[in-house]
Amino acid sequence: MNEQDNEESGQNPTGDGIARESSPFINSAEMDRGNMYEGKNMALFEEEMDSNPMVSSLLNKLANYTNLTQGVVEHEADEDTKRKEVKVPRMGTFIGVYLPCLQNILGVILFLRLTWIVGTAGVLESFIIVFMCCACTMLTAISMSAIATNGVVPAGGSYYMISRSLGPEFGGAVGLCFYLGTTFAGAMYILGTIEILLTYISPSAAIFKAEDGGEETEAMLNNMRVYGTCIIILMAVVVFVGVKYVNKLALVFLACVILSIIAIYAGVIKTAFDPPDFPICLLGNRTLSKRSFDICAKFTESNNETKTTTLWRLFCSSSLHNATCDDYFSLNNVTEIQGIPGIMSGVLIDNLWSAYSEKGSIVEKKDQPSVSGSEDMKIGGRPYVFTDIMTYFTMLVGIYFPSVTGIMAGSNRSGDLKDAQKSIPTGTILAISTTSFIYLSCIVLFGACIEGVILRDKFGEAVNGNLVVGTLAWPSPWVIVIGSFFSTCGAGLQSLTGAPRLLQAIARDGIVPFIQVFGHGKANGEPTWALLLTAGICEIGILIASLDSVAPILSMFFLMCYMFVNLACAVQTLLRTPNWRPRFKYYHWTLSFLGMSLCLALMFICSWYYALIAMLIAGCIYKYIEYRGAEKEWGDGIRGLSLNAARYALLRVEDGPPHTKNWRPQLLVLLNLDCEQLVKHPRLLSFTSQLKAGKGLTIVGSVLQGTYLDKCTETQKAEENVKALMAVEKTKGFCQIVVSPSFRDGISHLIQSAGLGGMKHNTVLMAWPQSWKRTENHFSWKNFVDTVRETTAAQQALLVAKNIDLFPTNQERFTEGNIDVWWIVHDGGMLMLLPFLLRQHKVWRKCKMRIFTVAQMDDNSIQMKKDLQMFLYHLRLNAEVEVVEMFENDISAFTYEKTLMMEQRSQMLKQMQLSKNEREREAQLIHDRNTASHLTPAVKASVAASVPEKVQMTWTKEKFVAEKHKNKDTNVSGFKDIFNMKPEWGNLNQSNVRRMHTAVKLNGVVLNKSQHAQLVLLNMPGPPKNRKGDENYMEFLEVLTEGLDRVLLVRGSGREVITIYS
């Protein structure tokens, strides 16, 4: 390769001026292009090699792909594209997905609450609860498998999948919800750990002791808070010091879970032929807590002597036989039954139905005989087994659901797998199937083996404070107690390890500005700040202190996350996006939709107010990201959905023109750009946003002269500048820059083709060409007049803002003043509608609307005023109405002089063969020659006479004749002298003279009434049909608006745009 090639390969050529796109492939580090141009086989393509790599090099790059560094930066945004070498992943489906999912799904609820749920809801309703929750996670797993196999999923798991499928707003909202769910799950596991410790392992370790029976719950909650805070600090330190130890212990924790489940099944089998001995003491049909006594009897025989037991002393005033005892105790016998009668006993029939109860009620056996006594003495201090909370079906769903979460564990480890696209679906679905079988079988087996009162005894008080599941297990209850203790410890540690990494991934994405600080951590990437926040949120869960209260909170966040996974899959499938090609084929949008509906239903079943709060949190985060978040383009499904919705809406709108009631100005704003591609009149965009207030369609267009190939970069620069100004001026709309050989054609193209389908503009807004008299100006009078003609031909309205630089900015506020409408001809009511729309904006809100109309000689002005007021009343517009009478008088000398100057100037401009300098010299001579006559006293007198001294309200024949003669008498002698002095006036085109007369007269009337108005809206007269008089037309408009600060010339499209009907 020669020297020149070396130079070329080092300087990153940009081809033919087109900016290089970033490669869509992962690990798209700059390839060494040293050998790219070797050989001459590909010489034809060598100019494209820098932006389009050869297929062979691309395949080589993909084959050498290892994996992304775990946990933090998503692949598209990693701009330096330098990756650390990672060991080739070696984990298969079993180790990498199946076991982690199993460990995360099976946990604290299975050991501590499942027996109680079965006892309270009955086997049938418990089966329904578990089936619903398992179906929900299975449907979610199917959707997740489809998303996970549609391309490479880096670490970040569900957050990554949702954000890349549904966009940054949904991704951020759901990612943070998933983070909160994982954090509260950590709190739940810690609470479970403490409950096992203080209830089943070492009750004596409690710091707070209950002095009487009623305070037990409160004392327990305080113990939870103290121990929980200590444990969370300890766990945070462990995670901070070395996360690798947590990962090494994961296998030990998993072994504990599996051993515990095996012990349960072994215990069930053993009950068939040798049930364990766990007697329960009943007083009548009420269950007694064995924590306070040993012997389940009222009396004992000892040395032929009958003695009262500890139980007697708990119910009676003394140990004597004649002591005063509790009524219920006296009337009912104490019986002892087996707590675990065994699978063959037929107890399943008794446990089929629910037994919901109020808080503080006694756990009773249904079919046991009982005599009710008068409850004089309080039962609170008696050794009964009480329910600690009120129970009902929906509450149990909320408590149970966390036991099926954890299905994302496999997808979170996607980076460590040999073949993630095969392992994630297989491992996750197998894990859910396994755990569903375990849960459903456990429900039936618990119901078939254990007595109902034991099942409803949440803390195992009737079986000497043993864990209820433990009583069933073989060989010893301690297998379950120790196993569940370690498994809940491990789950808590893993939540505290995983949640900060998830928060770090969201923070480093940069979509939620206020959490970006949590993206930082230790030098090795450990998320220190995120860990502190996680521990803080966990502490909130700890302070709640009740496992049953924390469980529904995290159920909400997980359900919301699963709902959006299903939504993501359904949206992608329905949109049929070309990039949607999952390897996992066993999905369908109906399954995803069913999963989404089930998640939503479960949210409201668990707790409608928690559901609303969770949705509100997610909604606030969504709106915040939309408002403040960084712009991210991830090719997400919501963008595709928007495109589909837009297409559907456009096809609907195409059916026909909008009804008058729906008509609003859809603007095409024509901007002029200077040589630096900057906007010449930014106030035009300010006026646009004031007129539109964010409603309807706005297209901001401009024309560059030249050819597109030459002007490509200028076009991009112009578009950037216009969009930047639109953002500053808060003009919501689209920008369209057209490159054309001539300005004239470019504007014509914009008027014809801007917009799409039914979303086309119906109104063109442009600035008046201030320098139209200068021939070198690009946007000359010729272009302007042709634009006016074209808008008329296209049946579009036209708004021309004169003195646009004097118009207010969006920050200004008019505290008083008028918007004056001069309604001379009716062309669809546009003049009425515009002031109403302007007054919706803060700039013009305090301005009053005044409508002036002109009465001719034959009109009854009083009747006109009444009719106009009635018309405005029906239009629901508030405005002052004034009818101005214009009497006919002779054409003034000033008018003739103006017309003469105009025609001489036109003649001059037609002499195109003269050089530019000669034209300028001639123009100056004509101007000097006419200046003297322009300033004669007679002319000044006639100008004064052209403005009426007073306005008559109603014409009568006598008044009209008198006015006419009066004007004739004052001016006739002067005119005769002038005609004698200016013979060339006789040669003027009389049509031009008449038009100039109208312009001068109307200008005088408008100046008289509206000189101090904040804005004047005028009907814009149309250009002459004969194109020879185009330059004269500009002069007429100039004269018509002379002396006014802000003028909006309005030319309607001819169709009605305002209606009196509802």
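On a predicted model such as this, the values are computed, not experimentally measured, just so you know. (Residues numbered from 1 in each chain as written. Predicted model: local features only at pLDDT ≥ 70, side-chain atom pairs only at ≥ 80, totals over all residues. Heavy atoms only, no water.)

Caption draft 1: Quick look at the overall build of the protein chain. The secondary structure content of the protein chain amounts to 35 helices and 15 strands. For the protein chain, the proportion of its 1062 residues judged to be buried stands at 52%. A sequence separation of at least 24 residues applies to 81% of the contacts in the protein chain between residues at least 6 apart. Of the roughly 50600 Å² of accessible surface on the protein chain, 57% is carried by carbon and sulfur atoms. (Helix = DSSP H or I, 4+ residues; strand = E, 2+ residues; numbered from the N terminus. Buried < 20%, exposed > 50% of the residue type's maximum accessible area, 1.4 Å probe, protein only. Contact = heavy atoms within 4.5 Å. Areas by Shrake-Rupley, 256 points an atom, 1.4 Å probe, with all protein chains shown as cover.)

Caption draft 2: Structural view of the pairing of strand β3 (residues 299-302). As judged from the 4 bridges shared by β3 and strand β4 (residues 305-308), these two strands associate in the antiparallel manner. Among the inter-strand pairings, Thr-300 is bridged to a residue of β4, identified as Lys-307. Between β3 and the antiparallel strand that follows it, β4, lie 2 residues; Asn-303 among them carries a positive phi value of about 55°. (Pairing = 2+ DSSP bridges.)

Caption draft 3: Examining the sheet that holds strand β5 (residues 334-338) more closely. On the basis of which strands lie adjacent, the open sheet formed by 3 strands has the order β2-β1-β5 and antiparallel pairing. Every other strand in the sheet has two partners, leaving β2 (286-287) and β5 as the edge strands with one partner each. With 5 bridges connecting them, strand β1 (residues 279-283) and β5 associate as antiparallel partners. Across the sheet, the residue bridging to Leu-282 is Thr-335, located in β5.

Caption draft 4: Structural detail: the nonpolar core. In this structure, Met-188, Tyr-400, Phe-401, Met-408, Tyr-439, Phe-446 and Ile-450 are the most contacted members of the largest nonpolar core, which totals 164 residues. Non-local contacts of Tyr-439, meaning those with residues more than four positions away in its chain, are made with Ile-105, Leu-106, Gly-107, Leu-110, Leu-114, Val-130, Tyr-400, Ser-403 and Val-404. In terms of nonpolar packing, the next biggest core, distinct from the first, is built from 51 residues, Met-726, Met-830, Leu-834 and Val-1050 among them. (Core = buried A, V, L, I, M, F, W, Y, C linked by side-chain atoms within 4.5 Å.)

Caption draft 5: Region of the structure containing the state of the cysteines. This structure, assessed with the given rule, holds 2 disulfides. One disulfide in the model links Cys-281 with Cys-296; its S-S distance is 1.9 Å. In this structure the cystine formed by Cys-281 and Cys-296 twists about its S-S bond by roughly 85°; its chirality is therefore right-handed. Linking Cys-281 in strand β1 with Cys-296 in the loop between β2 and β3, this pair joins segments that are 15 residues apart in sequence. For Cys-281, a relative accessible area of 0% corresponds to the buried category. The disulfide bridge from Cys-316 ends at Cys-325, spanning 1.7 Å between sulfur atoms. Handedness here is read from the sign of the S-S torsion; for Cys-316 and Cys-325, about 105°, the answer is right-handed. Note on accessibility: Cys-316 and Cys-325 belong to one class, buried. No disulfide involves Cys-561; its nearest neighbouring cysteine sulfur is the one of Cys-177, lying 8.2 Å away. (Disulfide = S-S within 2.5 Å.)

Caption draft 6: Spotlight on helix α3 (residues 93-105). Counted at 1.5 Å a residue, the expected span for α3 with its 13 residues is 18 Å, and the 17 Å between its end C-alpha atoms agrees. Three or more residues of α3 are buried, namely Gly-96, Val-97, Tyr-98, Leu-99, Pro-100, Cys-101, Leu-102, Gln-103 and Ile-105. On its buried face, α3 is in contact with α9 (243-273), α14 (409-412), α15 (420-449) and α18 (477-509). (Expected span 1.5 Å × (residues − 1).)

Caption draft 7: Representation of a nonpolar patch on the surface. A grouping of Leu-600, Phe-604, Trp-608, Tyr-609 and Leu-612 is seen on the molecular surface, where their side chains present a nonpolar patch of about 510 Å² in accessible area. Of all the secondary-structure elements, those providing two or more residues to the nonpolar patch are α21 (589-606) and α22 (608-628). Of the residues forming the nonpolar patch, the biggest block, 3 residues, is contributed by α22. Counting through the fold element by element, Trp-608 comes out in helix α22. (Patch = residues over 30% accessible without salt bridge, like charges linked within 9 Å, V, L, I, M, F, W, Y side chains within 5 Å. Salt bridge = Lys/Arg side-chain N within 4 Å of Asp/Glu carboxyl O.)

Caption draft 8: Highlighting the sheet that holds strand β12 (residues 848-855). Strand order in the open sheet formed by 10 strands is β8-β7-β6-β9-β10-β15-β14-β11-β12-β13, and the pairing between neighbours is mixed. Edge positions in the open sheet fall to β8 (734-740) and β13 (880-885), since each of these has one partner strand only. On average, adjacent strands in this sheet sit at an angle of 20° to one another, irrespective of strand direction. In this sheet, β13 lies alongside β12 in parallel orientation, the contact comprising 6 bridges. Bridge pairing in β13 links Arg-850 to Glu-880. Strands β6 (667-671), β7 (698-705), β9 (763-767), β10 (797-802) and β15 (1047-1051) of the sheet are contacted by helix α24 (residues 683-692), whose axis makes an angle of about 170° with β6. Those strands touched by helix α26 (residues 743-753) are β6, β7, β8 and β9, and its axis lies near 155° from that of β7. (Axes fitted to C-alpha atoms, helices over the stretch in contact; angles between N-to-C directions.)

Caption draft 9: Structural view of the packing of aromatic side chains. Tallying each qualifying case throughout the model produces 22 aromatic pairs. With a centroid separation of 5.9 Å and an interplanar angle of 15°, the aromatic rings of Trp-823 and Phe-871 are classed as stacked. Residue Trp-823 is located in strand β11 (residues 818-823), and its partner Phe-871 is located in helix α29 (residues 861-874); the two are separated by 48 residues in the primary sequence. For Phe-871, a relative accessible area of 28% puts it in the partly exposed group. (Phe/Tyr/Trp six-rings, centres within 6.5 Å; stacked < 30°, edge-to-face > 60°.)

Caption draft 10: The arrangement of α21 in detail. Here α21 contains 18 residues, and its C-alpha end-to-end distance of 26 Å stays within 8% of the 26 Å for a straight helix at 1.5 Å per residue. The complete set of buried residues in α21 reads Ser-592, Gly-595, Met-596, Leu-598, Cys-599, Leu-602, Met-603 and Cys-606. Buried residues of α21, viewed axially, fall in a sector of 160°; they line one side. (Arc of directions from axis to C-beta.)

Caption draft 11: Fine view of the packing of helix α8 (residues 216-241) against helix α19 (residues 528-544). For the pair α8 and α19, the least separation of the axes is 9 Å and the interaxial angle reads 165°. By the angle between their directions, the pair α8 and α19 is classed as roughly antiparallel. Remark: the crossing between α8 and α19 carries right-handed chirality. In this structure, α8 uses Met-224, Arg-225, Gly-228, Thr-229, Ile-232, Ala-236, Val-239 and Phe-240 to contact α19, whose residues at the interface are Thr-528, Leu-531, Ala-535, Cys-538, Glu-539, Ile-542, Leu-543 and Ile-544. For the contact of α8 with α19, a count of residues per class yields 11 nonpolar, 3 polar and 2 charged. (Parallel < 35°, antiparallel > 145°, perpendicular 65-115°, else oblique. Left-handed = near helix turned anticlockwise from the far one by under 90°. Nonpolar A, V, L, I, M, F, W, Y, C, P; charged D, E, K, R; others polar.)

Caption draft 12: Fine view of the environment of Leu-799. Its location among the elements puts Leu-799 in strand β10. When the C-alpha positions of Leu-799 and Val-669 are compared, they lie 9.5 Å apart, and in sequence the two are 130 residues distant.

Caption draft 13: Spatial organisation of the environment of Phe-557. Its place among the elements puts Phe-557 in helix α20 (residues 547-575). Residue contacts for Phe-557: discarding those within four places in its chain leaves Cys-177, Leu-180, Gly-181, Phe-184, Ala-614 and Ile-617.

Caption draft 14: Representation of the pattern of salt bridges in the model. Taken as a whole, this structure holds 17 salt bridges when the rule is applied. Note that Lys-458 is salt-bridged to Asp-548, the shortest N-O span being 2.5 Å. Here Lys-458 is found in the loop between α16 (452-455) and α17 (468-472), whereas its partner Asp-548 is found in helix α20, with 90 residues between them in sequence. Comparing Lys-458 with Asp-548, the two get one shared label, buried. The partner of Lys-1009 in a salt bridge is Glu-882, and the shortest N-O contact between them spans 2.5 Å. Residue Lys-1009 is located in helix α34 (residues 990-1010), and its partner Glu-882 is located in strand β13; the two are separated by 127 residues in the primary sequence. By relative accessible area, which is 27% here, Glu-882 ends up partly exposed.

Caption draft 15: Broad picture of unusual backbone geometry. Between Trp-474 and the following residue, Pro-475, the backbone shows a cis peptide bond with an omega angle of 10°. With respect to the helices, strands and loops of the structure, Pro-475 is situated in the loop between α17 and α18. The phi torsion at Asn-464 lies on the positive side, around 60°, for a residue other than glycine. One non-glycine residue, Lys-730, adopts positive backbone phi at about 60°. Structurally, the position occupied by Lys-730 is in the loop between α25 (712-728) and β8.

Caption draft 16: Spotlight on the side chain of Asn-332. Secondary-structure assignment places Asn-332 in the loop between α11 (327-331) and β5. According to the relative accessible area criterion, Asn-332 is buried, its value standing at 3%. Asn-332 has contacts with Leu-283, Gly-284, Lys-298, Pro-369, Ser-370 and Val-371, leaving out every residue within four places of it along the chain.

Caption draft 17: Just the side chain of Ser-740, in detail. Topologically, Ser-740 is positioned in strand β8. Judged by its relative accessible area of 1%, Ser-740 falls in the buried class. Among the polar contacts made by the side chain of Ser-740, one reaches the main-chain amide nitrogen of Gly-746 at a distance of 3.3 Å. Sequence-distant contacts of Ser-740, defined by excluding residues within four places in its chain, comprise Val-703, Leu-704, Gln-705, Gly-706, Asp-745, Gly-746 and His-749. (Polar contact = N/O pair within 3.5 Å; in protein donor to acceptor, adjacent residues only side chain to side chain.)

Caption draft 18: Spatial organisation of the pairing of β12. With 7 of 8 residues buried, β12 lies mostly within the body of the structure. Pairing between β11 and β12: 6 bridges, direction parallel. The residue of β12 that forms the bridge with Val-821 is Ile-851.

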